[in-house]
Amino acid sequence: MAVPKRKTSKTRRDKRRASSYRLQKASFVECPNCHEPMMPHRVCPNCGYYKGKEVLDVE
């Protein structure tokens with residue numbers, strides 16, 4: 001049976017484990033009011049609308 005010659009360091013172990021961890025890319029949807037790209041479930045930064053209602057005053 002194969003036996004490790006040296007102890008695996010915490011850094012090497014954690015680098016190996018981190019290889020499967022990736023941040024998801026940000027998704028964008030089209031604003032139904034101004035048709036600009038915006039993040040879903042958030043107030044549109046261009047027109048200030050959310051779910052058909054004006055939430056922010058944007059110049």
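Attention in this report is confined to the structure presented alongside it. (Residues numbered from 1 in each chain as written. Predicted model: local features only at pLDDT ≥ 70, side-chain atom pairs only at ≥ 80, totals over all residues. Heavy atoms only, no water.)

### Re the overall build of the protein chain
Rules: Each helix is a run of DSSP H or I of at least 4 residues and each strand a run of E of at least 2, with the numbering of both proceeding from the N terminus. A radius of gyration in this sense is built from C-alpha atoms; the matching globule rule multiplies 2.2 Å by the number of residues raised to 0.38. Working definition of accessibility: Shrake-Rupley area with a 1.4 Å probe, residue cover restricted to the visible protein chains. By the counting scheme adopted, Arg and Lys are positive, Glu and Asp are negative, and His together with the chain ends is not counted. Every charge is mapped to an atom, namely NZ of Lys, CZ of Arg, CG of Asp or CD of Glu.
Counting secondary structure elements, the protein chain contains one helix and four strands. Starting at the N terminus, the α and β elements of the protein chain follow one another as α-β-β-β-β. Its C-alpha radius of gyration of 23 Å places the protein chain more than 25% over the 10 Å reference for a compact globule of 59 residues. Dimensions of the protein chain, computed from C-alpha atoms along their principal axes, come out at roughly 70 × 20 × 15 Å. Working note: accessible area of the protein chain is about 6,100 Å², and carbon and sulfur atoms make up 52% of it. Computed over 14 positive and 6 negative side-chain charges, the separation of the two mean positions in the protein chain equals 33 Å.

### As for the environment of Glu 59
Checked against the element boundaries, Glu 59 lands in the segment after β4 (53–54). With 11 residues separating them in the primary sequence, Glu 59 and Gly 48 have C-alpha atoms 9.5 Å apart.

Everything listed here is a matter of coordinates, which is why it stays silent on function.
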